[in-house]
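Here are the chains, one letter per residue:
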Amino acid sequence: MRLKIQWLTIALGFISIMSHSQSKKTIVPKTYVASKTTTPLVIDGDESDASWSKVDWTDLFEDIENNVKPKYATKVKMLWDETNFYILAKIDEPHVWANLKQRDTIIFYNNDFEVFIDPDSDTFNYYELEINALNTAWDLFLSKPYRENDNVVLNDWNIPGLKSAVKIKGTLNNPNDIDEGWVLEMAIPWASYKTSFFDKNVPTDKFWRVNFSRVNWQHSITNGGYERKKNPNGKFLPEYNWVWSPMGVINMHEPEKWGYVYFSSKEGKDNFTIPQDEKVKWELYNLYRAEKEYFGKNKTWAKALASLTKETISVDGKILKPIFENYSQGYNISVKSPFSNTTYIIKEDGKIIAK
């Protein structure tokens, strides 16, 4: 997507865009309850599997930044078992095309589907997977979001045991007909996200932070083939970014805004409500992003709430009272949750500590 393209320079070519304006509005993430399946899925790109028929689609994807309705529909289903996280994406597209065949190339230069996963919901050490209609994958591990200058991006990290398949509803790379779209099915092993050999990381009756993105380019047809469309000056037109859980900015790399996927141990229907303490954390991240903006303008960190916002901060009718502590290299902002009495502290690098 657009910001990611700007970050592609030396080595992997990622640099931070620190001056990008942030949304002042608190984003309310989407939620989805992923049911447990007792029948392992055959990964063949076919949505007619009986297991998929038992679960609901997500809401249709929305524009990443605003309320503009996407031109084409995208939706997802999710399941899980003790071995894999299963994802089914249905992508409507009248012109299905792709030309990137090498793994770990920059897949979003084609139309693609992207998966973002943060297992422990701390915005550190998260994972990205991109796949195009040729079933070419690009998988990444990121130590921190791009907004942090000391982040590490491992482009050569691959998801061990990843299974994915694409089924084209139409004809790939044929501009002479109109297609329905493509279906992407994948199985991502939980073992891919282990932090140690003995880590028991299957999230039974727990939530992970997850988001999905679809990159869609305007195209032109040259010599009978598709390519990204350019403006009269020869520059590529910007892509569309359509996502499951909107971000409020054209940037997928703000993991604190991603959706919540709850992995229910029930085979049938189950409910999930976002914990109130998660909402407390959202407000801390709002202050963190405001601090970054303040520092960019003033070359120093704000020392009081009034420097960042004039509004009272509240969650579900309870007023939060942040406490600021500044030191030579950064700051702490702490707040006591009125719901659990847990104190949450956010640091200048976006790390939240619970006490």
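To be clear, the structure that these remarks concern was listed above.
Everything in this summary refers to the structure shown in the same document. (Residues numbered from 1 in each chain as written. Predicted model: local features only at pLDDT ≥ 70, side-chain atom pairs only at ≥ 80, totals over all residues. Heavy atoms only, no water.)

Looking now at the sheet that holds strand β20 (residues 343-347). With antiparallel pairing, the four strands of this open sheet are ordered in space as β18-β19-β20-β21. Here the strands that pair on one side only, and so sit at the sheet edges, are β18 (323-327) and β21 (352-354). Pairs of neighbouring strands in the sheet enclose a mean axial angle of 20°, with direction left out of account. Here β18 runs beside strand β19 (residues 330-336); their pairing, made up of five bridges, is antiparallel. Note that in β19 the partner of Glu325 across the bridge is Asn332. Contacts from helix α2 (residues 276-298) reach β18, β19, β20 and β21 within the one sheet, and its direction differs from that of β20 by about 25°. (Pairing = 2+ DSSP bridges. Helix = DSSP H or I, 4+ residues; strand = E, 2+ residues; numbered from the N terminus. Axes fitted to C-alpha atoms, helices over the stretch in contact; angles between N-to-C directions. Contact = heavy atoms within 4.5 Å.)

Once that is clear, we can look at the packing of aromatic side chains. Under the criterion given, the structure shown has 30 aromatic pairs. Plain terms: the ring middles of Phe212 and Trp244 are 5.9 Å apart, the flat faces sit at 50° to each other, and that makes the pair tilted. Highlighted residues: Phe212 in strand β11 (residues 207-216) and Trp244 in the loop between β14 (240-243) and β15 (259-263), separated in sequence by 32 residues. Grouped by ring-pair contacts, the aromatic residues Trp80, Phe85, Tyr127, Phe141, Trp157, Trp190, Tyr193, Trp208 and Phe263 constitute a single cluster. In this structure, Arg228 packs its charged tip against the face of Tyr109, placed 4.4 Å from the ring centre. Across from the ring centre of Phe236, 3.7 Å away, lies the NZ or CZ of Arg228, which sits over that ring. (Phe/Tyr/Trp six-rings, centres within 6.5 Å; stacked < 30°, edge-to-face > 60°. Lys NZ or Arg CZ within 6 Å of the ring centre and 35° of its normal.)

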